[in-house]
Structure formats: C-alpha cells, structure tokens
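Residues per chain, in single letters:
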Amino acid sequence: MKIIKFAFSFLVTASLLYALNNAWNFGSPVPPLGSFLDPFHGFWQNATTNKIESGQVSIPGLKDKVTIVYDSALIPHIYAGNDEDLFTAQGYVTAKERLWQMEFQTHAAAGRISEIIGEKALDFDRTQRRLGMIFAAENSVEAMQTNLIAKSMVDSYTRGINAYIATLSNENLPIEYKLLGYRPEPWTALKTGLLLKYMAKTLCTGEKDLEMTNALKLFGKDTLDLLYPDSEGVGDPIVDNAGKWNFKPVTIDSVAPALPAELVALSPIEKSSFDVGSNNWAVSGSKTATGSPILCNDPHLELSLPSIWYIVHLNAPGINSMGASLPGSPNVISGFNDSIAWGVTNAQRDLVDWYKVRFKDKTKNEYESDGEWKTTRKKIEVFKIKGKKDFYDTVTYTHHGPVTFDESFHGESEKNHYAYRWIAHDASEEAVTFYKMNRAKNHADYVEALNHYTAPAQNFVFASVGGDVAMRIQGKFPVRRKNEGKFVLDGTRTATEWRAFIPVEQNVMYKNPERGFVSSANQYPTDLTYPYFITASNWEAYRNRRINQVLSDSKNITPQDMMKLQLDSYNLKAAESLPLFLSHLDSMSLKGAELEAYNKLKSWDYFNTIESEGASYYEAWLRALLPMVWDEITESKVALARPSTYMTIRLIKERPNWKFFDIQATPEKETAKEVIRKSFSEGVAAMEKWKTEKKSNPAWADYKDGVVGHLLNKMEAFSYHIRHGGNSSAVNAHSKTHGPSWRMVVSLEKEGVRAWGMYPGGQSGNPGSPYYNSLLGLWTEGKYVAFSFEQAAEKMKGKELSIITLNSESK
C-alpha cells in the first residue's frame, strides 16, 4: 500500500513539475509557469516601492563620472562630461526602465514575434520581412556607420543598454520575459535602426493605391475625383505662401502616366489608424503675455503601456535639452533646450508606391524593365517559431524594392506580383537631425538639423528665445506628375519611377508669418501655388481649423491658455453637421427613446466632455450613418477606401440626391434625407442596447471607453480603462485607443525657458512599479508636470528622488 501511495505521489509531483516547466497551448499559448511563479526569481520579485535607492554603478568604457538625478516623477536628469558618456548613460537609464518594450518593438519590426509567442504571429512576421523592414533598417545603419557623429552616438547608446543587460539575473528580469519565457539579446545598432523603422511604418505608410485603382475601374475618373479629391479645399493650409514660392522647381517630363484599367483582387496591407495624427503650434511674442514665444506639441498615437515616450534631461558640454525621447533611440525627439523648442506632427504625404512586376519565368531570376531583363536578388528569410520547426520564405527583390505580394503570400494569381517602394527603404540620417536639434541655438541651426532628415516626413514646428517661430515640412519627397502615386504603377517602365526629389530648400516652410503663429494638425500642407503635386491617403479637416480660430482670436496668451487649448474638446465636425442632420427629422413624430435622443442632441453644446450624453448620441448616429452611405464600398468584392467623413458630410449637403445615398439592400430609392432618418433610428437602437447592457446612462467617457493597453496584445492585467473627454476630431484628439501620447508646452522666455509636459503612463515599464502608471491619472485629469531644467546636478538639490553615479569599471 505504501508503495502505491508513494508511486501515486511521485507521479503527481512529476506531472506537476513537467507541467510547470513546459509551455502549453490550449488555443492560446501558455508559457512555462514554474519559473514565473518561482518565489525567489518569479514575478513576485518585480514588485517595487516608490523609493529608489541612490548608489553607484560601474560601466565599462566610460571616460568620466556621470551623475543621474531622478526627480519625483522618476525623470532622469543626466549630467555628463562628454557626448559618449552622455549617450551611454541615456542608453543605460532607458534600458533600466524600458528594456522589454525596446526589444519587443524591434522584434516586431524585424518580423520575429513568432519566436516569442508562436505560429500565430507568422503571417505578421512574413509581412514585416516582405515590406523590407530589415532591409530599411540595414540601410539606415550603413548610413550611421559612415557618419562619425551618428556612429559615436549609437555605439555609446548601445554600450549603455548592454551594460544594463549584463546586470540582469533571473530574479530582476522584466516581468514580460518571465511571462513569455525568454531572455534579452545584446543590443545592436541594427536594433536602433529597426526601432526607427517601426515608427516610420506607423507614420509613413499611408497610401491607398490598390483601393484607388479599383475605384477608378468601378466608378470612373470623374466620380473618383469627387469622392477622393487631392485637396478637400477646407481650412488653412499649414503654410499659406501664395505666389511667393521664389524658386525654379525641378521638372520631369509632363506626360501624365497612363492610368490603370484593372481590378486588383488583393487585400491591402493593414493601415495605421486614421486616429494617428498630431497637433503643434507656436505663437510669437506679439500674441503672448510675456512677449516671448510659446510652443506646443501633442503627437496622437496609439496609447499603450509601457508608454511610447520616456522623458529625459540631457546635459553635457554643448547640450542641455529635455523632453520626450523614444526608448531605443538616443536624443530627445520632441523637446526644448536653453535656446529653442521643437515638436512634430505627421506630414501625411504618400511616400509609398506599388509596382506591378513582370518576371521572365517562374524562376523569378529576371524581371522586365524598359524591354530588358534585369536580375533579381533573392533573400531567404528564416523564421524561428516557438515550439515549431523553422519556416523559410524566399523574398525576391527588384530595384523597386521587395516583391511583397506573390502567389506564395496573399497573391491573387501567379501572374500578378507587386513590389513595394517606400521612402523609408532609403538610407537616412534622422539620428543626426536630432543630435543637431538638441544642440540648436537659433533658426539657422534648426534648418541645418532638418537638412539631414528624410523619413518619416514630419511637420517640424520651431520657436526660439530669440523671438522666431517657424514651420517646415521636412522629408524626402519624390517629384511627381499629377495623379502619380495614387494608383498601382507599371513596374516594367522606368518612366513611372521616382526619378527626382524635391530639393530640401524647396520643401514647404516659412518663418514669422504676419498672423503671429504657425500651426499644423495633419491638414493639407500648402496653398495651391506650390509648384509640386502633393497627394496623401487622408488630410485632417477639423482640428486645424479649431486651433487656428482660437489662436487668431487670442491675445496676451499664457502657457495655461495653451494647455487649455490642448485639452479643448469642441467637436467642430458635429457643429457643422448636426443641425443639418436634425433638420431632416420630423421631431413631432418622434416618441420614446428617439424623442429623448433628439432632445439631448438638440441641447448639446458640441463639446465632447466626460459627462456629455449628446456626444455619445452623435457618435452612435455617425457610426450608423457612414456604413449606410458607403454600402457600395464596404460590400464590394475588391478593396475600396471609404471617402473621408468631411467629404461625406459635404456630399450630403451639396448632392443629397446622389446615387451613393441609395441603400442597395432595399427596393426603395433613398436620398440623403432617408439615410439620415434611418441611421438615426439605428443609432438610437444601438444606444438603447448599450444602455441596457451597461445599466448606465451614456456619458461620453463611458460610451467611448478609453483604453490604454499593454503592448503585449492589450493584456488586461497590465492595461487600464480611463474616463477622459475629447474626440478624434477635437483638438484633444482622444478616441478609444489613440490620443495625445505626449503634451508639451514651452515658454521661451529670455529670463529662462519654462516647460510643462505630461503623457498617459509612467516612466517605468515595470507593471509592478508605482511609476508604471503614475502619470496616467494626471494626464486623464488634464494636468501637467512643470519640468525642472537645471544646468548642473548640484542645483537639483532638494528635488531629487535618488542619485545614481555611473563610473568606469576601471575606476
């Protein structure tokens, strides 16, 4: 009997040990839980307090001592004696708080997520490789290695990260490594390149070439131009310089490219959300209370934890800058120094083309170009898959770029192959731009820094203590003929290729305009006298007008006024459309829930405040209206793009009887009026269902249900639901998942620069740290942190949370 009991106990124990030390898959992969639950090395060890111990750390290769003062928000103020030590320290402190985030994002960029979570990520990984993400990063690294400044900076940053990695034991590994069962790799310059391309993919892959090609075939050119105009003609351009473009533009032959006449039965690459955008502006001293310029920036990205940004203060000879840095890349990206401030919004420009390639035969060794056969380059991509055998994929490269779609990957047939041309494939020096920008003293320095910048194209706002304000739309832009870049292109003819680029001095820019401010919010970039053809997948139509209206009407502006504008939740889209929508309803015939909805909408002030119910009803109505109007597009057998909401509302006003307002699924012939009425009833019904399910009134913040999700597939345990106002069409562009990822206000006063900022998260990437979400509540409440910005570590006395001293290992 004892033997049986012993055998039974042994088997149970052995089974438990086996189960805890092996990965399982029950529909979703489960990592080995043994090490994760280990009381001495598992996740228990990641819980920390708000006390940060001071101390000393040895890092090989440092030239001198580096002092890092952490303030109460866990912002590191780094004081170094030279550039190399400064960037080594920046790499070290960033990795200390954000290592898993940095590495996970570079794994994603490189198409290596299958290594971590298994086979279900393989299609995503293949997409990344077939878009040439590694190819693009390698080209950037090659450029960095030939530039002494960039090489030194990236090498030092890499040394700092690896110094931190070398300190990691099983006990102090970031929790995500324990959860997923892997360890960090040594950091390399390529990983920094991948991180930058990861951001470029988010910001600079806007295009709808396949969808526009299909629309051209189905609707014809006249209808296409009406639905998708190059410029919607609304509001102020970013730079209005009509008739003053005093340069001789680069020209290529004026023969317009032939338009395609075919349908493309491919599913387009997943696009970035339309909620990706940003605001920036700078007002000159003539409009401020102090007489000094004020600069503001709030980039709108997907809100995630760990946060996209990491605030840092960099001080060394020649540099004293502070602001939001990108974990994985040196320098400050959106920030200020003693003399200037700068910020960015996305330029939106279409810098992607798809070329239809014709191979000589099935070997794909040669492809046609101007009647000749060129040799391809093939790269065998190896995918390591967790728990599975390696997967191999051969990607064929032409001079256009990688052939993304073919018969082995999302292709429509073995005869149609499409190569991907992306501006971010080109060698670039964005690291040099930010190195110089962090040290800039004036407008000339800002211009010189931007001369090195190619992608992703951005609207760079500028203000200086010297009193200047400026805007420059900077990127590497091909010279295009009209309509070029909107449709798939013939890859067998060099006449369709990018043959020239707009000289940087001819990019859209201006300085100190008469109106007393510069601003951008992702709208059309310039007046129509600018001599180059411009196209994009979408332009913003509402935020920019609200910003310009407020700035135009304002005098004696204070930093607090600018914070109020960043938090402005006025919904201009609703103000311009709701009265028309309501006019089509017969209020006398409404009853019950529809009458209640009508009254709430009629009394709404158009502000998307936290408690507003009118904002919720308007959103529910719009969600019902748009698919009802564009049923021809959403139900099409080939990919099509829905026209913008601005164009939809404009067509309702100007062409209410147009054919697109007829609902295809009904026998009746509807006009815009019937669609508005039907969608109102549908929207109210959806709202009633929501109220029943939630057992709550539809306050806007509850109906929107904002989420700041963890990077690891929005893991609930590490994510937060928030109550916040705003809307993607408001200046405070907070939607359910996207919004102002960083808010910054800088007053450039001669007596000393003052700055405030905030982002939705915290400085630590550790979910077990009180600094993981310590800024989230403040951001949600619309509050800001006033930054300490001292020239010397000694002046931080009394403000320090802890002090870390970095020394060379040999000292």
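Quick note: structure is the one above.
Keep in mind the model is a prediction, meaning the values are calculated, not measured.

1. Notes on the overall build of the protein chain
Counting its secondary structure elements, the protein chain contains 23 helices and 31 strands. Relative to the 2.2 N^0.38 estimate, which gives 28 Å for 811 residues, the radius of gyration of the protein chain is 28 Å and therefore close to what a compact globule would have. By principal-axis analysis of the C-alpha atoms, the protein chain measures approximately 80 × 80 × 70 Å. Taken over 811 residues, the protein chain has a buried fraction of 59%. In the protein chain, 71% of the contacts between residues at least 6 apart in sequence involve partners at least 24 apart. Element-wise, carbon and sulfur atoms account for 53% of the exposed surface of the protein chain, whose accessible area totals about 32500 Å².

2. Focus on the packing of aromatic side chains
Inspection of the entire model under this criterion finds 36 aromatic pairs. Here the aromatic rings of tryptophan 100 and phenylalanine 104 are separated by 4.7 Å at their centres, their planes lie at 20°, and the arrangement is stacked. Separated by 4 residues within a single helix, tryptophan 100 and phenylalanine 104 lie in helix H3 (residues 83–109), roughly one turn from each other. Residue classification places tryptophan 100 among the buried positions, given a relative accessible area of 2%. One cation-aromatic arrangement involves arginine 129 over phenylalanine 383; the distance from NZ or CZ to the ring centre is 4.1 Å. The residue whose ring lies beneath lysine 476 is phenylalanine 501, and the NZ or CZ to ring-centre distance is 4.6 Å.

3. Thoughts on H3
Spanning 27 residues, H3 covers only 28 Å between terminal C-alpha atoms, well under the ideal 39 Å at 1.5 Å per step. Along H3, the helix axis deviates most sharply at arginine 98, where the bend reaches about 90°. Of all 27 residues that make up H3, 25 are buried, and the element is covered over most of its length. For H3, the capping residue at the N-terminal end is asparagine 82, with a side-chain oxygen 3.2 Å from the backbone nitrogen of glutamate 84. Residue glycine 111 follows H3 closely and has a positive phi angle near 70°.

4. Focus: the sheet that holds strand S19 (residues 417–422)
Each strand in a sheet pairs with another by means of backbone hydrogen bonds, the pair being arranged parallel or else antiparallel. Strand order in this open sheet of 4 strands is S18-S19-S13-S22, and the pairing throughout is mixed. The two strands at the open ends of the sheet, each matched to only one other strand, are strand S18 (403–405) and strand S22 (489–490). Bridging between strand S13 (residues 352–357) and S22 involves 2 bridges; their strand directions are parallel. Note that in S22 the partner of lysine 356 across the bridge is aspartate 490.

5. Observations concerning the pairing of strand S14 (residues 366–369)
As judged from the 4 bridges shared by S14 and strand S15 (residues 372–375), these two strands associate in the antiparallel manner. Residue pairing in the sheet places glutamate 368 in a bridge with tryptophan 373 of S15. As consecutive antiparallel partners, S14 and S15 are separated by 2 residues, and within that stretch aspartate 370 has a phi angle of approximately 50°, a positive value.

6. Considering the packing of helix H17 (residues 592–602) against helix H21 (residues 672–694)
Viewed as axis vectors pointing N to C, H17 and H21 meet at an angle of 100°, and their least axial separation amounts to 10 Å. With respect to each other, H17 and H21 are oriented roughly perpendicular. Mapping the contact onto sequence places Ala593, Glu594, Glu596, Ala597, Tyr598 and Leu601 in H17 and Phe680, Ser681, Val684, Glu688 and Lys691 in H21. Among the residues making up the contact of H17 with H21, the classes are represented as 6 nonpolar, 1 polar and 4 charged.

7. A few points about the nonpolar core
Counting 147 residues, the largest nonpolar core has Ile68, Ile78, Phe336, Trp354, Trp422 and Leu806 as its most contacted members. It is H3 that contributes the most residues to this core, 11 residues altogether. Apart from residues lying up to four places away in sequence, isoleucine 68 is in contact with Pro76, His77, Ile78, Ala89, Val93, Ser802, Ile803, Ile804 and Leu806. Tyr617, Val629, Phe661 and Trp700 belong to the second-largest nonpolar core, a separate cluster that totals 55 residues.

8. What to know about the sheet that holds strand S26 (residues 720–722)
Across the sheet, which stays open at both edges, the 3 strands sit in the order S8-S25-S26 with mixed pairing between neighbours. Looking at the sheet topology across the chains shown, the edges are occupied by strand S8 (304–305) and S26. Sheet analysis places strand S25 (residues 706–710) next to S26, joined by 3 bridges and oriented antiparallel. Residue valine 707 lies in a different strand from S26, and its bridge partner there is histidine 721.

9. Remarks on unusual backbone geometry
Between leucine 305 and proline 306 the backbone carries a cis peptide bond, its omega angle lying at -5°. Mapped onto the secondary structure, proline 306 falls in the loop between S8 and strand S9 (310–316). The amide bond that connects alanine 455 to the next residue, proline 456, takes the cis arrangement and shows omega of -5°. With respect to the helices and strands, proline 456 occurs in the loop between helix H13 (443–450) and strand S20 (458–464). The backbone of tyrosine 606 sits at a positive phi, close to 75°, despite the residue not being glycine. By the secondary structure assignment, tyrosine 606 is in the loop between H17 and helix H18 (614–629). The phi dihedral of aspartate 705 falls on the positive side, at around 55°, and the residue is not glycine.

Reading the values: the criteria
Residues numbered from 1 in each chain as written. Predicted model: local features only at pLDDT ≥ 70, side-chain atom pairs only at ≥ 80, totals over all residues. Heavy atoms only, no water. Helix = DSSP H or I, 4+ residues; strand = E, 2+ residues; numbered from the N terminus. Rg over C-alpha atoms; globule rule 2.2 N^0.38 Å. Buried < 20%, exposed > 50% of the residue type's maximum accessible area, 1.4 Å probe, protein only. Contact = heavy atoms within 4.5 Å. Areas by Shrake-Rupley, 256 points an atom, 1.4 Å probe, with all protein chains shown as cover. Phe/Tyr/Trp six-rings, centres within 6.5 Å; stacked < 30°, edge-to-face > 60°. Lys NZ or Arg CZ within 6 Å of the ring centre and 35° of its normal. Expected span 1.5 Å × (residues − 1). Bend = angle between axes of the 7 residues up to and from the residue. Polar contact = N/O pair within 3.5 Å; in protein donor to acceptor, adjacent residues only side chain to side chain. Pairing = 2+ DSSP bridges. Axes fitted to C-alpha atoms, helices over the stretch in contact; angles between N-to-C directions. Parallel < 35°, antiparallel > 145°, perpendicular 65-115°, else oblique. Nonpolar A, V, L, I, M, F, W, Y, C, P; charged D, E, K, R; others polar. Core = buried A, V, L, I, M, F, W, Y, C linked by side-chain atoms within 4.5 Å.

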